[in-house]
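Coordinate inspection notes
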Amino acid sequence: MKKLLEIHDLYINFKTLWGVAKVLNGVSFDIKEGEIFGLVGETGCGKSVTALSILRLLPPNAEISGKILFKGKNLLEKSEEDMRKIRGKEISIIFQDPMTSLNPLFKVRDQMLDIIELHEGLSREEAEKHAEKLLKAVGLSDPERILNSYPHELSGGMRQRIMIAMALSSNPFLLIADEPTTALDVTIQKQILELILDLRNRYNFSVLLITHDLGVVAEVCDRVGVMYAGNIVEIAPTEELFENPLHPYTQGLLSVVPDPRTKKPLKPLKGSVPSLLNPPSGCRFHPRCIYAKDICKRAKPELHEHSPGHFVACHLYGGGNCD
Amino acid sequence: MRKEETIKILLRNKLSIVGLSIIVALIIIAILASVLAPYPDQALGEPNLKERLQPPSRIHPFGTDHLGRDILSRVIYGARTSLVVGFSVVLLALLIGVSLGLIAGYFGGKVDLIIMRITDIFLAFPPLLLALLIATTLGRGMLNAILALAISWWPWYTRLARGMAISVKERPYVEASRAMGISDWKIMIRHVLPNSLSPIIVQATMDMGSAILEAAALSFLGLGVQPPTPDWGLMVSEGKNYFLNYWWYPVFPGLAIFITVMAFNLLGDAVREVIDPRLRRRLL
Amino acid sequence: MNILQGILWLVTSMGVGTVIRVEHLKKYFPITHGFIRKKIIWLKAVDDVSFEIKDGETFGLVGESGSGKSTTGRTILRLYEPTGGKVYFNDIEVTALSKQELKELRPKMQIIYQDPYSSLNPRLTIFDIIAEPLREYGHENVEDTVLELLEAVGLSEEHAKKYPDEISGGQCQRVAIARALALNPEFLVLDEPTSALDVSVQAQVLNLLGRLQKERNLTYLFISHDLGVVRYLADRVGVMYLGKLVEIGTIEQVFDNPAHPYTRMLLSSIPVPDPKARAIRKEKVIGEIPSPLHPPSGCRFHTRCPYAREICRKEEPAMIELEKGHFVRCHFVGELQ
Ligand SMILES: Nc1ncnc2c1ncn2[C@@H]1O[C@H](COP(=O)(O)OP(=O)(O)OP(=O)(O)O)[C@@H](O)[C@H]1O
Ligand SMILES: Nc1ncnc2c1ncn2[C@@H]1O[C@H](COP(=O)(O)OP(=O)(O)OP(=O)(O)O)[C@@H](O)[C@H]1O
Ligand code: SF4
Ligand SMILES: [Mg+2]
Ligand SMILES: [Mg+2]
């Protein structure tokens, strides 16, 4: 399959009052056409920053270096004008909280039609037809009523469906979903995840699905990247990752997720996530790693292909810039 | 919140440095008035009829007034009066307003209803008018002016404190204390009060300026501080009759009022930035 | 009747071994509607809920957002005054106590909240936060006790001087636990104690809670919407839907053999951290939770239930004991098995 998005060695620093936060520390991964790529990691590891950097929506205090190739072109070199044509049209994004992403003061109709008119250049009537079709596609059976509602009159699940409908209105190549179900109940989450799967199968767009829930990853993703403190530490096809996790952090993560099917003992990782203002040297995971060796404190392990399609950044597996 | 952060934020904002410096300077001036003022005796009211209404000069940088007193000295001493009056008014109003507001907000129900009814009655009057009414009833003098202003002022703090108390009492740490059987009064003082104070402090800082202004207005109308006490409002009031020919007489005390009020407003803005976490994050 | 039987009868009738007994608990919130003519509608957040928690047991309460889990927990502690029903703590009728009596009982029953930061007063040091209950009840040796408590929850002396915003979320939650333990409680309401934490930290806190329960013989009401976590910690579990308990049983009964259609829907909705299990989730998920202000008639689940029939719209099903200790509220329990 062709690669739709390739990120190479992305570094992002934020200048803050309290110093420079080294938030992304050489992130590399790619997303193929029609693929659902999961990005998992705990709070603050840089998932949302990665998503925003693809759309070039980072705040002005960010310093970026690296390459983000979308259909072979580097997005970081595009003009703001070009980016505006890409955002919402070729790459769409939906966020965690469907309440704050919709303006509470306007009816759904106005908000949806504005977007559709803007991107598609359709007339008001055509846009309305298109909106109704989209709402049906995301499983909202009464589009007329939905269009006439204000956001607060709709449930969280409905609002998230509307956000998805709007994101898909222009047939994007890439849908970025930043924790699209975290604010929702599990039964609604299941509906939304199934919807994303179903729409992907029908329209064959790619998805960057950001989540902190390994269960969600297991349910819908084709491939997964595991993030820890600004680094991607492991990338593998979903089944491979769960069956044969290589990185100690991934192993730790899998052993702390309670499984509703059985009562297995949890083996917690020690410590907690480090501050990015003053991240640990070498492998950022080393202070919490039970296997940490001397080299882990000194050198940053590079992501390398351990077995076909299975990448890991850890000195235990050699490769990279090991001395 | 760590101290260095607070200082960093305060220093980031140039205007807040200006406000802070002016106020620090004012306080120093007020404390050292007797040393700084060239003619302390005149400042306290001693007439000097030989030098009536002199324009600004080397000896009298701000000129002299209709009794020949050095205006600079009187403005310096006036800082004392103004700060004392402003501070007392705000403190008194805070004391009454915040206690009542906390009680109303925390206990709710009938207590709330009664307190807020009373508050609403006070709020129905324009504040300065109310202060005027009270001052007229109480009679002239600095103490009565302070009382009058504080009485017209506390309801604003009651409202603010009540709103804060209502939101703070819903926080889990308050409920956790209730679950531990901690008494209501202790919860109010240890948990609700400290966590309600931030916006009240911001408001109070800004209000210091307004209190000084309104105290000046009362003096101007002859209801506040009485001559010969050095007071900016009083000086403007006396000087206004001489404005056309002897502009320096009302202008310098007027300027002092203006600068002080502005400084407190700038400081209030800065305090808001320090206290409000949302604004703090925006500064990043 | 011989003496032994008599004693046995006495013991069982007094309910020894039962720490919490909730009988027909109701909590309605008044919601005012309209601007001019104020109309009051009652939001039945908890509507006739009954269950028991045994000594040293963890009773899980699961259900989706707004089903009334937190309200149940708070009403049991009388942080909310119940609209109806009774709560017993070791055979003391909590719901009948005066304010003074309640204060005396308070140390025995504590609560831990979801958000670690907002459950600690940001203006107090960790030491003062944990010391507050000790001082209130006139403990001697406050200092030593605080340090012991810190150690018990895996923190150290150096944390005592810090403020909540200077420590991590997981550490805040440990402080909240230490504060709750200060008065030697017997019963703890844990209201989603790990939902706001990262998974790696969540596991630490769950293990801590498990250890403390054993060491101090604590009884837990464990509220969570994360069924994995409930399976890990709870012995028995109750499933709530729109203010009603629809199923109660042991963890195995409810998780391995769910009888209520809602429980089945809930269980099949949870994402399982195992990609090979994808195919197993066959139960269809229909519709969304109705507003608790206007709950459906009859069985509250009938609007989403794949098995619903006419009677479900009209009559509310009763709690039926399916097997020992396994209760289900559905008209068609027998048939669905
Ligand atoms: N504008 C900013 N200025 C400074 N630091 C920032 C900024 N935005 C994000 N960060 C920091 O970057 C890090 C990564 O943030 P990010 O939002 O990507 O985390 P995340 O992985 O999405 O976490 P979550 O699961 O909580 O959403 C965090 O430590 C955050 O504090
Ligand atoms: N103080 C209150 N006043 C009015 N309504 C309330 C109050 N507390 C809760 N409710 C309502 O009661 C219902 C049950 O709320 P509760 O917080 O018990 O749910 P929950 O099961 O704990 O949900 P969550 O998983 O979101 O915490 C909700 O509809 C909620 O809006
Ligand atoms: S009573 Fe009827 S509607 Fe309710 S769960 Fe059972 S079958 Fe479904
Ligand atoms: Mg994020
Ligand atoms: Mg709750």
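The following refers to the structure shown. (Residues numbered from 1 in each chain as written. Chains lettered and ligands numbered in written order. Predicted model: local features only at pLDDT ≥ 70, side-chain atom pairs only at ≥ 80, totals over all residues. Heavy atoms only, no water.)

Glancing now at the sheet that holds strand S2 (residues 19–32) of chain A. One key point about sheets: their strands pair by backbone hydrogen bonds, in either a parallel or an antiparallel sense. Residue and element names in this part refer to chain A. With antiparallel pairing, four strands are arranged side by side in an open sheet as S2-S1-S4-S5. The two strands at the open ends of the sheet, each matched to only one other strand, are S2 and strand S5 (73–74). Note that strand S1 (residues 3–16) and strand S4 (residues 62–70) share eight bridges and pair antiparallel. Residue His8 lies in a different strand from S4, and its bridge partner there is Lys67. Here helix H1 (residues 47–54) sits on the sheet and contacts S1, S2 and S4; the angle it forms with S1, its principal contact strand, is near 115 degrees. (Pairing = 2+ DSSP bridges. Helix = DSSP H or I, 4+ residues; strand = E, 2+ residues; numbered from the N terminus. Contact = heavy atoms within 4.5 Å. Axes fitted to C-alpha atoms, helices over the stretch in contact; angles between N-to-C directions.)

A word on the packing of aromatic side chains. Residues and elements named next belong to chain C. Per the counting criterion, the structure on display carries 15 aromatic pairs over all chains. For the pair Tyr241 and Tyr262, a centre-to-centre distance of 4.5 Å together with 50 degrees between the ring planes defines the contact as tilted. One end of the pair, Tyr241, is in strand S9 (residues 236–241); the other, Tyr262, is in helix H10 (residues 261–269), with 21 residues separating them in the sequence. The same class applies to Tyr241 and to Tyr262, which are both buried. (Phe/Tyr/Trp six-rings, centres within 6.5 Å; stacked < 30°, edge-to-face > 60°. Buried < 20%, exposed > 50% of the residue type's maximum accessible area, 1.4 Å probe, protein only.)

Okay, the site of ligand 1 next. All names here are of chain A. Taken together, 14 residues are adjacent to ligand 1, and Thr43, Gly44, Lys47, Ser48 and Val49 come closest. One nitrogen or oxygen atom from the side chain of Ser48 is found 2.6 Å from an oxygen atom belonging to ligand 1. Its free accessible area being 630 Å², ligand 1 has 67% of it covered by the protein chains. Only S1 and H1 provide two or more residues apiece to the shell around ligand 1. A per-class count over the shell around ligand 1 returns six nonpolar, six polar and two charged. (Near = heavy atom within 4 Å. Polar contact = N/O pair within 3.5 Å; in protein donor to acceptor, adjacent residues only side chain to side chain. Areas by Shrake-Rupley, 256 points an atom, 1.4 Å probe, with all protein chains shown as cover. Nonpolar A, V, L, I, M, F, W, Y, C, P; charged D, E, K, R; others polar.)

Residues and elements named next belong to chain C. Of all seven residues in strand S10 (residues 244–250), six are buried, a share of seventy percent or more. As paired elements, S9 and S10 share six bridges and run antiparallel to each other. By the bridge assignment for S10, Tyr241 is matched with Lys244. Linking S9 to S10, which pair antiparallel, is a turn of two residues; within it Leu242 sits at a positive phi near 50 degrees. Where S10 and strand S12 (residues 326–329) come together, two bridges link them in antiparallel fashion.

The partner chain B presents 21 residues to the 26 residues of chain C that form the contact. Taken together, both faces of the contact between chain C and chain B bury some 2000 Å²; the carbon and sulfur share is 47%. Between chain C and chain B we count four salt bridges in total. Where Asp184 of chain B meets Lys99 of chain C, a salt bridge forms, and the shortest distance between an N and an O atom there is 3.6 Å. Joining chain C to chain B, the criterion identifies 15 residue pairs in polar contact (both at pLDDT 80 or more). Elements supplying a minimum of two residues to the side of chain C that touches chain B: helix H3 (99–105), strand S6 (109–112) and helix H4 (126–136) of chain C. (Buried area = accessible area lost by both parts, 1.4 Å probe. Salt bridge = Lys/Arg side-chain N within 4 Å of Asp/Glu carboxyl O.)

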